[in-house]
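Report on the structure
One letter stands for each residue in the lines below.
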Amino acid sequence: NTASNNTGIGVGSLFSTTIGSNNTAAGYSSLYTNNTGDNNTSLGNASLYSNTIGSGNVAVGYLALYGSITGDGNTALGYSAGYSGAKPNTSGSRNTFLGYQTSVSAENIINSTAIGNGAQVTESNQIVIGNSAISTTLLKGRVLIETTTNPNSARLMVNGLIETTDGIQFSDGS
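First, a word on scope: everything that follows refers to the structure included in this document.

1. Topic: the packing of aromatic side chains
Any two aromatic rings considered together are summarised by their centre-to-centre distance and by the angle between their planes. Applying the stated criterion across every chain, the model contains six aromatic pairs. Note on Tyr49 and Tyr66: the rings are 5.0 Å apart at their centroids and 10° apart in plane angle, and the pair reads as stacked. Taken as a pair, Tyr49 in the loop between β3 (41–43) and β4 (58–60) and Tyr66 in the loop between β4 and β5 (75–77) lie far apart in primary sequence, 17 residues in all. What makes Tyr49 partly exposed here is its relative accessible area of 23%. For Tyr66, a relative accessible area of 23% gives the class partly exposed. Geometrically, the ring pair formed by Tyr66 and Tyr83 is tilted, given 4.9 Å between the ring centres and 50° between the ring planes. Placement of Tyr66 in the loop between β4 and β5 and of Tyr83 in the loop between β5 and β6 (96–98) is noted, with a sequence separation of 17 residues between them. Take Tyr83: its relative accessible area is 17%, and that puts it in the buried class. Taken together, the ring pairs connect Phe15, Tyr32, Tyr49, Tyr66 and Tyr83 into an aromatic cluster.

The following block contains the structure:
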């Protein structure tokens, strides 16, 4: 066993760690199957339970990132965040899950963010706010959409009807 600088609090926390270093696990069976993963933080019963070699993950909450096995750099905050049961985030990396049962719809999703109760990302490089029950999303302040150094190259893609109020002008003058 060459593991070093690990802290485990709770029955079964860091149970399988033999090589991994600089891990912190608090809660029953947190980081349970971790073997070589380094620099993980797992707070909550069975959080990061299935991790074996993933490193740099942060899971806070019961079952947070439970199914993550090899993913690196994931962050999950909330009950079952990053784990829906049907499709766990087994190998995805650099994802953020904020909220109750936020999840992915497929394995190996990279660089995506799910925010809010039941929000589910469906592909890499995607941000999802809320679930299908959300009726209104309010964004305060200026919202910049795909901006670059050239303001004429900004894009907005809309699937469905656009409803406007008086005073809104489009770049084509209509």
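Moving on, there is more to tell.
2. Some words on unusual backbone geometry
We note that Asn5 has phi near 55°; this positive angle belongs to a residue other than glycine. On the basis of relative accessibility, which here comes to 61%, the residue Asn5 falls in the exposed class. In the Ramachandran plot, Arg94 falls in the positive-phi region, its phi being about 55° despite a non-glycine side chain.

3. Description of the layout of surface pockets
Here the second largest pocket is characterised by a volume of approximately 390 Å³. Taken together, Asn125, Gln126, Ile127, Ile129, Thr137 and Leu139 make up the lining of the second largest pocket.

4. Here's the deal with the nonpolar core
If you look at the biggest cluster of nonpolar residues, it comprises 16 residues, and the most contacted ones within it are Leu65, Ala76, Phe97 and Val121. Dropping the residues within four chain positions of it, Phe97 is found in contact with Leu65, Thr75, Ala76, Leu77, Ala81, Gly82, Asn89, Thr102, Ser103, Val104 and Ala114.

5. Here we look at the environment of Ala3
Relative to the helices and strands, Ala3 is located in the segment before β1 (7–9). The class of Ala3 is partly exposed, set by a relative accessible area of 27%. Considered as a pair, Ala3 and Ser21 are 18 residues apart in the sequence and their alpha carbons are 5.3 Å apart. Contact partners of Ala3, with chain neighbours within four places excluded, come to Thr17, Thr18, Ile19, Gly20 and Ser21.

Reading the values: the criteria
Residues numbered from 1 in each chain as written. Predicted model: local features only at pLDDT ≥ 70, side-chain atom pairs only at ≥ 80, totals over all residues. Heavy atoms only, no water. Phe/Tyr/Trp six-rings, centres within 6.5 Å; stacked < 30°, edge-to-face > 60°. Helix = DSSP H or I, 4+ residues; strand = E, 2+ residues; numbered from the N terminus. Buried < 20%, exposed > 50% of the residue type's maximum accessible area, 1.4 Å probe, protein only. 1 Å grid on protein atoms, 1.4 Å probe; cavity = no way out; pocket = protein on both sides within 12 Å on 5 of 7 lines; lining within 4 Å. Points joined across faces, edges and corners; volume = space filled by probe spheres on them. Core = buried A, V, L, I, M, F, W, Y, C linked by side-chain atoms within 4.5 Å. Contact = heavy atoms within 4.5 Å.

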